[in-house]
Each structure stands twice: as C-alpha cells, then as structure tokens.
Amino acid sequence: MRDATDAFREYLENNPTVAVSFENQFILGANYAFTYDDLQNPDKKGTTYFRGIIDLSGNLAYALFKVFSDRSSTPEDPYTIFGVPFSQYLMFNPEFRYYRKIGAKNVIATRALIGVGIPVGNSRVLPYIKQFFAGGTNSVRSFVARTIGPGSYLAPVENLGVDQTGDIRLEFNAEYRFNFTRRFLGAAFVDVGNVWLRNVDPERPGGDFQLNRFYKEFGIGTGIGFRFDLQVLVFRLDMAWPLYVPYLEEGDRWVIGDFNIFNGEWRRKNLIWNLAIGYPF
C-alpha cells in the first residue's frame, strides 16, 4: 500500500481486522480451474456452463517452515520470507450458468456464484485483493461496487467501499434477453447477492455469516438493459434499482413500494447506471 492518507491510516488503526488485510504479504501458490461449456451447441435449447476454481496459497511454505523452523507461527508473529509474511489460505469459487432459448432469438440466462475463502495457519484474514465484494456492473447491479455488505453492515460514509468485503459470497442472477433489431438488444434482469465475514468483527456489526439470518441479508435489485452488438464487442448499458436493501432496519428493507421513476429525488437516490463492455454473464 503506497501513499495512504493520514485519515486512511487512522481508519486502519481503529479497524485492526481490515488493517491486517492491507499489510504487505507474499501470495505463494497456485490455482486449479475446471471448465465445462456446451454453449456452442446450436441444437440444444438448454445449455450450461460451469467453472470451478480452487485457489491455494502458502500451504507448502507453511509445511516447510513447520519442519525446519525452531518456532511456531502465530497471528502476532507469522512466518516470513525476506522479512515479509506470506499469506496462507484456501479458496473455492464455483460458478454455474444455464441458458434457455425461448423461440428463435430470445434467451433466459441464469447464473449462480459461490465463493468461500478460509485463512489458515500463517494468516488470520484473507489478503484484501482476494476478498469478495458485491455490487457493480457484473454483480448486483442495483448497488455500486463495494457498497453492499458484509451482511447487514451499514458502512459510515467516510468508509464507504473500503471495508465492505467478505470471506463468503453468494450471488444469483437471472436475465431475459431479447432483440429489438439484429444489432440492438434488450434485457430485463433480477440480481440477488451479498458477501459475509466468516467471523464476528466488532467494527462491522452484522457482517458475519449466520444460518439463522443470512437469507435476510441478500441485496435484491432489478432493472432493464440495452446492448449494441458489434459482433467483435458488445456495448452494454444497464439501468438498475433496488428492491430489497439489507443494511436498512428489518421491516424497512423492502423498498419496492417506493418505486417512482417519475420522481427526480427517487431517481437520484435509487437509479444506478452500469456502462460496460460484454455481457455480465
């Protein structure tokens, strides 16, 4: 981390769990990805895509240190290489998509994403760049990237996006795609998702994953999209708005009744525009 402001350094001092994820560290390891894809089969009405990734770091290094080092690793005194701690974790990130043709040109596209990261041994939190986040052009489009989660945590304005990452990610998307013309396409979509922490963090209340409440903490949004297909590139503009906001008080989280696209104040607070290249999934 370079050139951090005094305000950001003060924030890290007051949020030790987040601070650890920003510390210098080596990421040593490899990942394995398996992909199954029958999307190019023109004879099938229903096609599937699966990609599963296993990402491992630091496990071999940790084993060598355990054998040859005369001390044990602790969160306060981890094993280091050239004076820099190395990150140790296990990550699993499967993605499943299903596409169903409706007639000659229309398609219902669906996607399910799961992400789990587990720091072990030499680490007590995942590196910041390996943590999951929700929101943005290819995620829950009714929320700006990193402005939802973890869980029902409501970030102060000054911290917005910095600490809204997690160790667990669940996301589901559905999109009905149709043609206006050969090059000009449209879509209607629903996105559901969020991220959570594996452990309780006092500085991020409500952010941990709990079986008795995680299902109440999904962000839900909907919207419409327009795409211009140049064959080589697809330019995409999606307009989205929230239906369910998990960081509001229980009982107030469903905001679908507030929908009023003709009201300028509502549009300013709720409409999220996503400009991107390519389909979201």
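Predicted model, so just to flag it, every value in this text is computed and none were measured. Along each chain, residue indices are assigned from 1 in the same order as the chain's sequence is written. pLDDT decides what is reported in this predicted model: residues at 70 or higher carry local features, side-chain atom pairs at 80 or more are listed and counted, and totals for whole chains, interfaces and linings draw on all residues regardless. To obtain the side-chain values, all non-hydrogen atoms of the structure were included, while hydrogens and water were left out.

1. A few points about the sheet that holds strand β8 (residues 168–179)
Paired strands are those between which DSSP finds at least two bridges. Put simply, DSSP H or I for four residues or longer makes a helix, DSSP E for two residues or longer makes a strand, and each gets a number counted from the N terminus. If you walk across this open sheet you meet the 9 strands as β2-β3-β6-β7-β8-β9-β10-β11-β12, and the pairing is antiparallel. Strands with a single pairing partner mark the edges of an open sheet, and in this sheet they are β2 (29–37) and β12 (272–277). Averaged over all pairs of adjacent strands, the angle between strand axes in this sheet comes to 15 degrees, irrespective of strand direction. Note that β8 and strand β9 (residues 184–196) share 12 bridges and pair antiparallel. Its bridge partner being in β9, F172 is matched across the sheet by V192. Only the stretch in contact is used when a helix axis is fitted, and all axes are lines through C-alpha atoms; the angle between N-to-C directions ranges over 0 to 180 degrees.

2. Focus on the packing of aromatic side chains
Pairs were defined over the aromatic rings of Phe, Tyr and Trp, the Trp ring being its six-membered one, requiring ring centres within 6.5 Å. Orientation was assigned from the angle between planes: stacked under 30 degrees, edge-to-face over 60, tilted for the rest. Per the counting criterion, the structure on display carries 23 aromatic pairs. On the numbers, 5.6 Å between centres and 90 degrees between planes, the contact of W196 with F209 is edge-to-face. Remark: F209 occurs in the loop between β9 and β10 (219–229) and W196 occurs in strand β9; sequence separation between them is 13 residues. With a 1.4 Å probe rolled over the protein chains alone, any residue whose accessible area is under 20% of its type maximum counts as buried; one over 50% counts as exposed, and the rest are partly exposed. Here F209 falls in the partly exposed class, since its relative accessible area comes to 23%. Each member of the aromatic cluster is reached from another via a ring pair, and the members are F172, W196, F209, F214, Y215 and F218. Here, a charge over a ring means that NZ of Lys or CZ of Arg falls within 6 Å of the ring centre while also lying within 35 degrees of the ring normal. Sitting over the ring of Y49, R97 keeps its end group 4.5 Å from the ring centre.

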